Amino acid sequence: MIGATATATEMQNNFGKYLNLVIEGQEVIVTKNGREVGRFIPKSAAVSYLTDSLTGILKDDYDLDEVKSERLREKYEAAD
């Protein structure tokens, strides 16, 4: 779940605030010059994403580009 969007400067100046959002299970999108440059996500989300990716790759049933596009659509639609 996306909790916030922060510029790199906001992230740097208010790290504790954004860390608490991640601890609560939320995701923080980090931007610089108006473009997304990274995401600060809970460990469970990272592990889940990696596990899903590896499972699909091992089954040879995984289209990485399709999955990326689908996940981005879901995340950005949820933010609207």
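The structure presented is a predicted model; accordingly, all values stated were derived computationally and were not measured.

What follows is about the overall build of the protein. A tally of helices and strands in the protein yields 4 helices and 3 strands. Of the regular secondary structure in the protein, the N- to C-terminal order runs β-α-α-β-β-α-α. Taking all 80 residues of the protein together, the buried fraction comes to 20%. Nonlocal contacts in the protein, meaning residues at least 24 apart in sequence, comprise 35% of its contacts between residues at least 6 apart. When the accessible surface of the protein is summed, it comes to about 6,000 Å², and 53% of that surface belongs to carbon and sulfur atoms.

Taken together, the side chains of Phe15, Leu19 and Ile23 define a hydrophobic patch exposed on the protein surface, amounting to about 290 Å² of accessible area. Within the secondary structure layout, leucine 19 lies in helix H2 (residues 15-23). The exposure class of leucine 19 is partly exposed, given its relative accessible area of 32%.

All right, on to the nonpolar core then. Of all hydrophobic cores here, the largest spans 8 residues; its members are Ala4, Ala6, Met11, Tyr18, Leu21, Val22, Val28 and Val30. Mapped by element, the contributors of at least two residues to this core are strand S1 (2-7), H2 and strand S2 (27-32). No other element matches the 3 residues that H2 contributes to this core. If sequence neighbours within four positions are ignored, valine 28 has contacts with Ala4, Ala6, Met11, Tyr18, Leu21, Val22, Gly38, Arg39 and Phe40.

With that settled, consider the side chain of glutamate 27. Among the secondary structure elements, glutamate 27 is positioned in strand S2. Only 2.2 Å separates the side chain of glutamate 27 from the side chain of arginine 39, close enough to count as a polar contact.

Turning our eyes to something else, we now look at the confidence of the model for the protein. Averaged over the protein, the pLDDT score is 80; the fraction of residues at 70 or greater is 70%. Across the protein, the secondary-structure element scoring lowest on mean pLDDT is helix H3 (residues 43-58), at 65, and the one scoring highest is helix H1 (residues 8-13), at 96.

In this structure, lysine 75 sits in helix H4 (residues 64-79). Spatially, the C-alpha atoms of lysine 75 and isoleucine 2 are 7.2 Å apart, while their sequence positions differ by 73 residues. The contact partners of lysine 75, leaving out residues within four places of it in the chain, are Ile2, Glu27 and Arg39.

Cut-offs used in this document
- Residues numbered from 1 in each chain as written.
- Predicted model: local features only at pLDDT ≥ 70, side-chain atom pairs only at ≥ 80, totals over all residues.
- Heavy atoms only, no water.
- Helix = DSSP H or I, 4+ residues; strand = E, 2+ residues; numbered from the N terminus.
- Buried < 20%, exposed > 50% of the residue type's maximum accessible area, 1.4 Å probe, protein only.
- Contact = heavy atoms within 4.5 Å.
- Areas by Shrake-Rupley, 256 points an atom, 1.4 Å probe, with all protein chains shown as cover.
- Patch = residues over 30% accessible without salt bridge, like charges linked within 9 Å, V, L, I, M, F, W, Y side chains within 5 Å.
- Salt bridge = Lys/Arg side-chain N within 4 Å of Asp/Glu carboxyl O.
- Core = buried A, V, L, I, M, F, W, Y, C linked by side-chain atoms within 4.5 Å.
- Polar contact = N/O pair within 3.5 Å; in protein donor to acceptor, adjacent residues only side chain to side chain.
- pLDDT = per-residue confidence, 0-100.

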